[in-house]
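Residues per chain are reported as follows:
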Amino acid sequence: MKKSLILLLASIFAFSATIGFAACAPSVPPQGSGDEPPAELPDDTNPDDEHPKPEEEQPLKFIQVQQLNYAESTAAIQNPDQGFYIPINVKVTETGVTYSSSTITGATQLYHLRLDISAFSSNAGGTDQPLTDKALKGIGELLSLLRSRNKNAIVRFAYDTGFSGNKNCEPALEIMLGHAKQFCPLLEQYPATVTALEVGMVGPWGEMHSSTAANPKTIGALIKAFLTNTVTLPVSVRTPQMIYNYLGIPDGAPAGYQIPESAYRLGMFNDGYLGSDSDLGTYQDRERDIAFIGGQTAHLPFGGEVVEPESSLHDIEVCLPEMNLVHLSYLNELWNNTVVKKWKDTTVTKECAGASALYYGKTAYEYISNHMGYRFVLKNSTFEYTEKFDSLKISLSFENVGFGNLNKPKKARLLFVNANEEVVREQELGDFCGTDTAEYSLPLDLQNGAYRVYLLFYGEMLNQTPLYTLQFANDGLYDALLRANLIGSIEIKK
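Below: a short report on this structure. (Residues numbered from 1 in each chain as written. Predicted model: local features only at pLDDT ≥ 70, side-chain atom pairs only at ≥ 80, totals over all residues. Heavy atoms only, no water.)

Looking at the overall build of the chain
Within the chain, the secondary structure is distributed over eight helices and 21 strands. The buried share among the 494 residues of the chain stands at 50%. (Helix = DSSP H or I, 4+ residues; strand = E, 2+ residues; numbered from the N terminus. Buried < 20%, exposed > 50% of the residue type's maximum accessible area, 1.4 Å probe, protein only.)

Describing the pairing of strand β7 (residues 194-201)
Counting buried positions over the eight residues of β7 gives eight, a clear majority of the element. What joins strand β6 (residues 152-158) to β7 is helix α2 (residues 173-188), and the crossover it makes is right-handed. Note: β7 against strand β8 (residues 235-237), two bridges, orientation parallel. Residue pairing across strands places Glu198 opposite Ser236, the latter belonging to β8. (Right-handed = clockwise from strand over helix to strand, strands pointing away. Pairing = 2+ DSSP bridges.)

Focus on the sheet that holds strand β21 (residues 484-492)
Spatially, five strands are ordered β15-β14-β17-β21-β20 in an open sheet, and the strand pairing comes out antiparallel. The sheet is open, and its two borders are formed by β15 (423-432) and β20 (478-479), each paired with just one other strand. Judged from the seven bridges that link them, strand β17 (residues 449-458) and β21 form a sheet pairing that is antiparallel. Of the residues in β21, the one forming a bridge with Ala450 is Glu491.

Some thoughts on the packing of aromatic side chains
This structure, assessed with the given rule, holds 16 aromatic pairs. Ring centres of Phe62 and Tyr385 lie 5.9 Å apart, and the angle between their planes is 35°; on these two criteria the pair is classed as tilted. Of the two residues, Phe62 sits in strand β2 (residues 60-65) while Tyr385 sits in strand β12 (residues 376-386), which places them 323 residues apart along the sequence. With relative accessibility at 3%, the residue Phe62 sits in the buried group. Note on Phe376 and Phe432: the rings are 5.6 Å apart at their centroids and 70° apart in plane angle, and the pair reads as edge-to-face. Of the two residues, Phe376 is situated in strand β12 and Phe432 in strand β15; the sequence distance between them amounts to 56 residues. The ring of Tyr365 is capped by Lys344, whose NZ or CZ atom sits 4.8 Å from the centre of that ring. (Phe/Tyr/Trp six-rings, centres within 6.5 Å; stacked < 30°, edge-to-face > 60°. Lys NZ or Arg CZ within 6 Å of the ring centre and 35° of its normal.)

Quick word on the nonpolar core
Membership of the largest hydrophobic core comes to 90 residues, with the highest contact counts inside it found for Leu320, Met323 and Trp343. No other element matches the seven residues that α2 contributes to this core. In this structure, Leu320 is in contact with Cys352, Ala353, Gly354, Ala355, Tyr367, Ile368 and Phe403, ignoring residues within four places of it in sequence. Grouped together as the second largest cluster of nonpolar side chains are 41 residues, Leu378, Leu406, Leu442 and Leu456 included. (Core = buried A, V, L, I, M, F, W, Y, C linked by side-chain atoms within 4.5 Å. Contact = heavy atoms within 4.5 Å.)

Some details on the packing of helix α7 (residues 337-345) against helix α8 (residues 364-371)
Two elements in contact, α7 and α8, have axes separated by 5 Å at closest approach and are oriented at 105°. In terms of their interaxial angle, α7 and α8 are classed as roughly perpendicular. When α7 is examined against α8, the residues Val340, Trp343 and Lys344 are found in contact with a partner set consisting of Ala364, Tyr365 and Ile368. Per-class residue counts for the contact of α7 with α8 are five nonpolar, no polar and one charged. (Axes fitted to C-alpha atoms, helices over the stretch in contact; angles between N-to-C directions. Parallel < 35°, antiparallel > 145°, perpendicular 65-115°, else oblique. Nonpolar A, V, L, I, M, F, W, Y, C, P; charged D, E, K, R; others polar.)

Points about unusual backbone geometry
Residue Asn336 is reached from Trp335 by a cis peptide bond, and omega for that bond is 0°. With respect to the element layout, Asn336 can be found in the loop between β11 (330-332) and α7. For Leu274, which is not a glycine, the phi torsion comes out positive at approximately 60°. Note on placement: Leu274 falls in the loop between β9 (266-273) and α5 (286-297). In this structure, Tyr468 is a non-glycine residue whose phi angle is positive, near 55°. Following the sequence through the fold, Tyr468 ends up in the loop between β19 (465-467) and β20. According to the relative accessible area criterion, Tyr468 is buried, its value standing at 1%.

Description of the pairing of β15
Inspection of the sheet shows strand β14 (residues 410-417) paired to β15 by seven bridges, in the antiparallel sense. Counted as the bridge partner of Leu414 is Gln427 from β15. Two successive antiparallel strands, β14 and β15, enclose a turn made up of five residues, where Glu421 displays a positive phi of approximately 65°.

Some points on the environment of Ile223
As for its placement among the helices and strands, Ile223 is situated in helix α3 (residues 216-228). Overall, Ile223 belongs to the buried group, its relative accessible area being 0%. For the pair formed by Ile223 and Ala263, sequence separation is 40 residues and the distance between their alpha carbons is 9.5 Å. Not counting residues up to four positions away in its chain, the partners in contact with Ile223 are Val199, Val237, Met242, Tyr246 and Leu266.

Set out below in C-alpha cells:
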C-alpha cells in the first residue's frame, strides 16, 4: 500500500445501507438522562468450554487524506443565483412577449427580468383584463430558454410602461391580485431558475413607492398573494417596514421576535443600496432594520442597485462589514455604473475593514463580485476503506467565505472516473444544505484499477445534463465537462 496511507487495525468496518449527507439530517437527542445504572450483561460463558475459539482476524482499515489543493482561490466563479446581474426589459402584451435575446450571453449568470404588463392596466393605457394565454406562454418560454442555457433570473412585474419611471399606472387591486395568481404558479415551475420573485408591481420601475397604491393595505394584499401562490420561491419587497406592516408589528420587530413560518420566504430587495444613511428611505432605523433583515437573508437572497455616486457608504474601506451582515447576493452591473467603475478603479488594502488579505492589491470590484452569495472552499477530504475494498466512507469539510449562504439545497451525486476517462459509476446522495461538513458512506463494487472521485452538486437535470452546479473556490478541482468537483482518488486492489 502507498506510504501516505495510515494503517490501522480496527473492528469490521460497516456502513449503513442508506446513502445521505449527515450534515443535512436532523439531529437525534441521546436517549435517557445519563444517570441510569449500567445494564447487566447476560452471562453467556460456558464453564465446560475450556478452549474458546480464537477471534476472527479483522480486515485492515485505511484512512487516506486526499492530496488536493485546499487553498482558497481568488479566481472568478460563475455559481448559480448570485453575482452582478444584467437587466432584461420584457414587454408583455396580449399576443406574447418581446425582449432582446442577445442580452443573454455566456459571460453573465444572473439576469433581472423586468416584465412590463402595462398592456393589462387601463391606467397605463392598456385594458383591465387577465393576462392572456399567449402572454403567459411567452413568459414561460423565456424562463425555459434561461433554464436551457443554465441561467438564473430575478423576476419583477410592473405596470410602469417601459419601466421608465411612471407612477399611478396600476389597475384596481383585484386586477393586480388576479395577475399575481396567474403568473406566480407559472414561475413556481422553475424553482432552480428563479433566484427571487420581487413583489414590485406598484410605482415607478415597480419599486413599490410614489404611487397611490404604495400603501400598507395594497402591499400587504400583494405579499399575501405572492406567498400563497408560490411554494418555494423567495419573495422580496422593497423595505423592512413593508415586512413589519405585513406581520402586524409596524413599530419594528421587538427583541427575540420570531418570524412566523408563513413569512419564512419573505425578504427584501434594496434599490437604494448604500445611497444615504437611510438608503434613500429604505431604512427607518438602519441598525435595527439591518439586524432584522439579516436574519431573513441568512436563508434568502438579498441585493438590488447601488446608487448615489457621491455617497461614502460604498467606499471599499467601509462597505464590506455591512455586506456580510445583509448577506449580499446580487447587484446590478449597469446601475449605478459610476459606482461600479469606482470599485473597478479602487484597490483592496489592509485599510479595508473585513477584507481577506488574499485580495490585497486586487480591485474592490473583484472582491465584491467574488464574495456575493456563497463561495465554498474545500478544506479537507478523507477516504476511509478496508483492504477488502467493499465499502467507502468519505468525509469532507468546507469553508464558506462568501457574504451569503446557499439558499437552495443542491442535489449531490458521486462520480467514479477510470483511467480511460469513463464515468463507470454514479451514486446519488442526499441533499447538500451548505453546511461546513458532509459525510456519507456507500458500498464499493468496482473492478481493480485507479479511479478519480468527483462530487457533483446540482439544482436539477435537463436531458441528462446537470444544471445550476456548484463549483468550489479551489484551483484545479472543477471539471467543466463533468460539472463536478474532484474530491480525491482511490486505487482498488482486491
